[in-house]
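A closer look at the structure
Next come the chains, spelled out residue by residue.
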Amino acid sequence: YVTYISLFFFSWDETHFGKMGSYYINRTFFFDVHPPLGKMLIGLAGYLSGYNGTFPFQKPGDRYEHHNYIGMRGFCAFLGSCLVPFAYLIVLELSKSLSAALLAASILIFDTGCITLSQYILLDPILMFFLMGAVLSMVKYNSCADRPFSAPWWFWLSLTGVNLAGAIGVKFVGLFVVLLVGLNTVYDLWELLGDLSLSLVTLGKHLLARVFCLILLPLALYTAQFAVHFAVLNKSGPGDGFFSSAFQSRLIGNNLHNVSIPEHLAYGSVITMKNLRMAGGYLHSHWHLYPEGVGARQQQVTAYLHKDLNNLWVIKKHDSNTDHLDPSCSVEFVRHGDVIRLEHKETSRNLHSHQHEAPMTRKHFQVTGYGINGTGDANDFWRIEVVGRKAGKRIKVLRSQIRLTHLATGCILGSSGKTLPKWGWEQVEVTCTPYVKETPNALWNVEDHINPKLPNISLDVLKPSFPEILLESHMVMIRGNSGLKPKENEVTSKPWHWPINYQGLRFSGVNETDHRVYLLGNPVVWWLNLVTIGLYLLMATCTIVAIKRGVQLTVEFKELSEVLLHSGGKMMLGWLLHYLPFFMMGRVLYFHHYFPAMLFSSMLTGITWDTLLKFCAGCLSCSVGKRVYTYGTLALMLLIVYSFYLFHPLSYGMVGPMASDPNSPMAGLRWLESWEF
Amino acid sequence: LGNHSSSLTKPFCRMLGFLKQPVVVTAEINMNLVALTVMGLVNRFWALSYPRAVVFDEVYYGQFVSLYMKRIFFVDDSGPPFGHMLLAFGGRYSMNVPIWSLRLLPALSGALCVPLAYQILVELHFSHCAAFGAALLILFENSLITQSRLMLLESVLIFFILLAILSYLKFYNLQKCSPFTAGWWFWLLLTGVACSCAVGVKYMGLFTYMLLLATAGVHFWHLIGDQTLSNVSVFCHLLARGLTLVVVPVAMYLSFFYVHLTLLYRSGPHDQIMTSAFQASLEGGLARITQGQPLEVAYGSQITLRNVLGKPVPCWLHSHKNTYPIRYENGRGSSHQQQVTCYPFKDVNNWWIVKDPGMQQLVVSNPPRPVRHGHIVQLVHGITTRYLNTHDVAAPLSPHSQEISCYIDYNISMPAQNLWRVEIVNRESDTDVWKTILSEVRFVHVNTSAVLKLSGASLPEWGYRQLEIIGEKLSKGYHQSMLWNVEEHRYGKSQEQKEREVELHSPTQADISKNLSFMARFTELQWKILTLKNEDTEHKYSSSPLDWITMDTNIAYWFHPISGAQIHLIGNILTWASANVATLVYVCLFLWYLLRRRRKICDIPEDAWRLWVSAGGLCVGGWAVNYFPFFMMEKTLFLYHYLPALTFQILLIPVVLQHLTDHLCRSQLPKNMFSALIVAWFSSIYLVYRTFSPLTYGEPILSAAELRALRWKDSWDILIRKH
């Protein structure tokens, strides 16, 4: 088999996935928008190869010095190099043609983009490995269809499931390959259903086998990898703030771990309140006032992400200012529906709102700190309510979702998530929203709770169960993903740029003296792929219309059209499924998102050109036809190899002047003005 | 050969065969239809001009109509102009408060939906009874009534959607017996026209258009498989469909914009969004200033430079006496030279002079020497006579880019770097002349190859909150924030600084006008409509698509502060629930039949199955395409966005009911019981309609207790006055 030439060739740019590998080795908790499998594998590879997790991975271009990183790089490069044999096997299985398989494989070997991408510690080679693995095993089990329930059939079917779990476990992009396999399975079952020689019992067996191997097995594996993830990462780390208070109590080193606090809120309690939106801060106030021209000139109230003394608030009765902590007073619990006053502990001002517009969200009301030593006005009164609770019930620490309704205006205290300008110390805006909606923005929970008169209970009883943390981490990931919005005026990569190879991604090195690596597909290969997609659509339409019109085909052509429509159709569907959804995504997109689609497109190229050449050969006389076929295939291969020879510095690194400089050796290769190598 | 050519021409002759027959008119009046139309008209027109006040979104449409009357240009990001045009047409022939005539058109289209629903079911080969039922359901649907009695566009949209569906069905039914006859052409053409009207009213119409195209595609696919047709006649069919369903709608859509742009020729409130070239094509506004400016920018020209992007606000390259602070708040240093910003208002400090680096003079020579693509120029700020400059100092807010300043010589070995290369981006050849308004230009710094760019951030207090201008070193392709065009322009005449200041303060004058082609204006306007974003993403009555299906939300359209009369967009809850049940039943039965048929077990006869598939495909398909896309939309959504989908869902109810009676009730007794049930159900629908009609029509006025009784769901927001 062909192995990657790039296997022992390393460059020195590193992204943040290496850092996450280190987190696993150090067992500190972190947050990332992708599921954990890919990073766990990187961490494992690093661990096995003796990397100790101490390299800081601070900025691209730092040298590794004596850290042992070869294991992690080698692991990714190995998975990346597996793509070539996988593509070879898939195309061979689909088209039964050696030259088609070789063509597809050589496209992947000689594509500079694939090489660059698999040289580094990235999730993409791992994702593509599982993705191609899933397609390969799907194709294999399809070809075992004549021997159902035999050992190889079971083997390939369950391997498909395993690979699917791997693909989603690395990145959510893996969902598209799940869709591909799902559609293929539905088609498969539909065919079986139409086969009247099969009894309903056999059909049931088929269905159950697929449900078990393609749904239950991947789900179990997927859940298992999260179990491992949570079990390994048991120390408090940089990701804590993204998760709810209950979640944080699991982590060693977090201040919520193993503490005991009073369970029910009472008047006189000192509390902190955390907003329930993802990465929502603590309700916070400080001595600074809102500046001139921003609502009323009163004390700022914000949401602050870090723990701080200014996050502490005291719950008071709205109509009296007695000190409830006085030992002579009896304990009085706060109940759902009570009207309360929140006094800021440090500044003794009351949480206050009024009909001035909020600083950032103009349609909401401003929230301020008002009054002196707890004496304010009627605008300081808030009704405290718990979501889904009846009136008169007590309010629990951590677990109750609290809503604070402003009594005078009827608006609800919430955090808009917008960052305040300099005057607000870039903390998050807190507003009072007049729109009564159930969003996490407007819900809070009590995190710290100090009341010496109440008995403490251990927080262990509050520890969330595994399904709860699984669900929460997914919610956080999904919100994190959709939160990756491009900034105004930022030039981002657009999906239509990708297939035409419009613009690459700078991997390392900016200046002329640096060793520069630029992620860009081999333009000859990519443009060939692009042309092939058009060619395929044309050929498929012609074939399908001809068949529908009842044109009689010879046996050879029938086989060819079968390969074209079924095998090519599968690859085309794969390409569409991995490409079109990006047009609908609002998040920031990068060039490397196209690579899974590019794999399908390359395999389609192999199949289509092989079919076309065979078709031409079939139309001509025997000897001429054979020559056309051989020379055609050879010409394509040579074209790919030669273009690789031209563009190989892109992935193996360039030194010297930029290509925009006419003196650079790469100047002649800058075919599009948008390339920046 | 002759034989061959006749076989070619024959289908073409047949395509035009309708010309051979005489025109015959036979009258046949379906009293059902007449009755339904009358009922629809009564139901929608009753007390139409009440309330005599602006209700909900009427305020926007009213503004657009009055702008139409005044012929003032505007941009509405919610959709294409055909709907506004129709409304304005209604307001045309009327007195000072044309409230009745403005509401006439939506009410009329709402009323006509009733007979259309009837005919659609008839064309789907369902019984007249079922068709009548469908029409009654539409008739008694409160939400549709409310929406069509006000000056809003949804009912017009629904009318065109139903019309398109009906004409396609008529066409399809004619297809089998008599293709290429006059009637066949008429209905086919009407399909295309109705589709383009629907898209022209609201972009939502696109969903139904796509559905119809897909249906036509499937039907044509069956036609390809029909071996009795010759290749040529199949090709003719394809041609006819392509012409009427693609070419005609596109042409009509363009013509809406053509009429829109021809009618609105005066400048107005939304001018600023458009490019200078577009603004100059409108009467008044910028055109008045730029009218008669010299076209070609020459050395010595006095110009103002506008950023092409126009976001976050349109602005002009600007400089003023103040300098950058020596140290910023975060401790970074600056060059302490004169600030260069982008300023969103017209100002004398926006004037710059184009200077030839090789010469000293700041006036235009005679004859003028035009600046061409690739020329190197200096830009001199008119009032302060300082040169536009950039150097290797970090910009105030974007530290990765270079600072742009007007050079002050502090004698500290920091030489001026003020040469800029002019690159015309939309050039036709490399020797193009830099033209006023039309040319989009990049300024590339000669020493550092940085590009003059608007960063979009606004400067702090010291920069008067004007927008930051930076030199972007690594230009990632083209972005509009790097492009500039000359807006105001005159040839400078005064060599002395004092005279020049006077000259800069005086308005520009000269003598040529520029006109954009229709296609250029259309592309720009279309692009602006699609990309313009409304910032207010929150509204008191906005809702999510999930709330619609169960009608968990309503919209209070209008509330009389004294009497307490109110109008709500609130549906007939029974109809909504039945429609959901019908959809569910349909999908389950369809899957059941489909799986059984695959095993060669046919529960229902072949033609009943075909009917079931085609009716369901249209109704469930229409519901799905008009509903599910909203889950992916990020704009503010309201309950009324669901109405087109609801209409399709309502049409499905009688389809399912008739299928159940015909095929699942085998003997007479259950059949009779089922019919009785249906009658009871219909009367309860009527009852619900009567109960909620005070909220639909705004009268009679209900007491607080009655209003409270109408609050069937806790989530409904019915306004009850506090006493």
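Below you will find a few notes about this structure.

What counts and how
- Residues numbered from 1 in each chain as written.
- Chains lettered and ligands numbered in written order.
- Predicted model: local features only at pLDDT ≥ 70, side-chain atom pairs only at ≥ 80, totals over all residues.
- Heavy atoms only, no water.
- Helix = DSSP H or I, 4+ residues; strand = E, 2+ residues; numbered from the N terminus.
- Buried < 20%, exposed > 50% of the residue type's maximum accessible area, 1.4 Å probe, protein only.
- Contact = heavy atoms within 4.5 Å.
- Areas by Shrake-Rupley, 256 points an atom, 1.4 Å probe, with all protein chains shown as cover.
- Core = buried A, V, L, I, M, F, W, Y, C linked by side-chain atoms within 4.5 Å.
- Pairing = 2+ DSSP bridges.
- Polar contact = N/O pair within 3.5 Å; in protein donor to acceptor, adjacent residues only side chain to side chain.
- Phe/Tyr/Trp six-rings, centres within 6.5 Å; stacked < 30°, edge-to-face > 60°.
- Lys NZ or Arg CZ within 6 Å of the ring centre and 35° of its normal.

A tally of regular secondary structure across chain B gives 21 helices and 14 strands. Taken along the three principal axes of its C-alpha coordinates, chain B extends 105 × 95 × 55 Å. A total of 723 residues make up chain B; the buried ones form 53% of that total. Residue pairs in contact within chain B that sit at least 24 positions apart in sequence constitute 74% of those at least 6 positions apart. As presented, chain B carries roughly 32400 Å² of accessible surface, and 63% of it is formed by carbon and sulfur atoms.

Looking only at helices and strands, one finds 16 helices and 16 strands in chain A. Looking at the 677 residues of chain A, the share that counts as buried comes to 55%. For chain A, contacts bridging at least 24 residues in sequence account for 74% of all contacts bridging at least 6. Total accessible area on chain A is roughly 28800 Å²; 64% of this is exposed by carbon and sulfur atoms.

Turning our attention to the nonpolar core. If you look at the biggest cluster of nonpolar residues, it comprises 148 residues, and the most contacted ones within it are Phe73(B), Ile120(B), Leu121(B), Phe160(B), Ile555(B) and Tyr557(B). Here this core gets 14 residues from one element, more than from any other, and that element is helix 8 (residues 154–177) of chain B. In this view, Phe160(B) contacts Phe82(B), Leu86(B), Ala194(B), Cys197(B), Ala198(B) and Val201(B); residues no more than four positions away in its chain are not counted. Among the nonpolar cores identified, the runner-up in size contains 117 residues, and Val170(A), Leu519(A), Leu599(A) and Phe600(A) belong to it.

Residues and elements named next belong to chain A. Buried residues dominate strand 9 (residues 382–386), accounting for 4 of its 5 residues. Pairing analysis gives 5 bridges linking strand 9 to strand 10 (residues 402–406), with the strands arranged antiparallel. From the neighbouring strand, Glu385 faces strand 10, where its bridge partner is Arg403.

In this section: the side chain of Ser543(B). All names here are of chain B. Relative to the elements of secondary structure, Ser543 occurs in the loop between helix 15 (518–531) and helix 16 (545–549). There is a polar contact of 2.9 Å between the side chain of Ser543 and the side chain of Trp548. Look past the residues within four positions of Ser543 in its chain and what remains in contact with it is Trp548, Thr553, Leu637, Phe638 and Leu639.

In the structure shown here, the tally under the stated rule is 79 aromatic pairs over all chains. Ring pairs connect the aromatic residues Phe176(A), Trp498(A), Trp526(A), Trp575(A), Tyr579(A), Phe582(A), Phe583(A), Phe591(A), Tyr594(A) and Phe595(A), which therefore count as one cluster. Cation over ring: Lys317(A) sits above Tyr267(A), and NZ or CZ is 5.2 Å from the ring centre. In this arrangement the basic side chain of Arg490(B) is found over the ring face of Trp351(B), its NZ or CZ atom lying 4.2 Å from the centre.

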